[in-house]
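# Remarks on the overall topology
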Amino acid sequence: MPHVDFIWFPRPLEKIAEHGVTRDEVEHVIRAARPGVIVKSRTSDRMTAIGYTAARRKIEVVFDWADEFETTAIPVTAYDKD
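This section reports on the structure supplied with the text. (Residues numbered from 1 in each chain as written. Predicted model: local features only at pLDDT ≥ 70, side-chain atom pairs only at ≥ 80, totals over all residues. Heavy atoms only, no water.)

## Quick notes on the side chain of E60
- Structurally, the position occupied by E60 is in strand β4 (residues 58-65).
- There is a polar contact of 3.1 Å between the side chain of E60 and the side chain of K81. (Helix = DSSP H or I, 4+ residues; strand = E, 2+ residues; numbered from the N terminus. Polar contact = N/O pair within 3.5 Å; in protein donor to acceptor, adjacent residues only side chain to side chain.)

Below, the structure written as structure tokens:
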């Protein structure tokens, strides 16, 4: 998996917890995303990644890149995809 750093703010941590998603699951999905899986949302202009957690749970993660090199992500929310 490529190295990606994360900047976490309190509100996104609360939002993912409300959806029953953990911080580790969010980080796993972003880091494990293959090229073409991370796309820009047409509605929010944010990045999205859909993938499976280590426990094979399918989630969608919404985030922003903090840098032009796409090595630092700022998660916004995450939720079950199915």
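## Considerations on the sheet that holds strand β1 (residues 5-6)
- The strand order across the open sheet formed by 5 strands is β1-β5-β4-β3-β2, and the pairing between neighbours is mixed. Two strands close off the open sheet at either side, each with one partner strand: β1 and β2 (38-40).
- The pairing of β1 with strand β5 (residues 72-80) spans 2 bridges and is parallel. Paired with D5 across the two strands is T72, which belongs to β5.
- Docked against the sheet, helix α2 (residues 23-32) engages β1, β2, β3 (47-52), β4 and β5, running at close to 75 degrees with respect to β4. (Pairing = 2+ DSSP bridges. Contact = heavy atoms within 4.5 Å. Axes fitted to C-alpha atoms, helices over the stretch in contact; angles between N-to-C directions.)

## Focus: the pattern of salt bridges
- Applying the stated criterion across every chain yields a total of 9 salt bridges.
- D45 serves as the salt-bridge partner of K40, at 3.6 Å between the closest nitrogen and oxygen.
- The exposure class of K40 is partly exposed, given its relative accessible area of 49%.
- Each of R11, E14 and E18 takes part in a single network of salt bridges with overlapping partners. (Salt bridge = Lys/Arg side-chain N within 4 Å of Asp/Glu carboxyl O. Buried < 20%, exposed > 50% of the residue type's maximum accessible area, 1.4 Å probe, protein only.)

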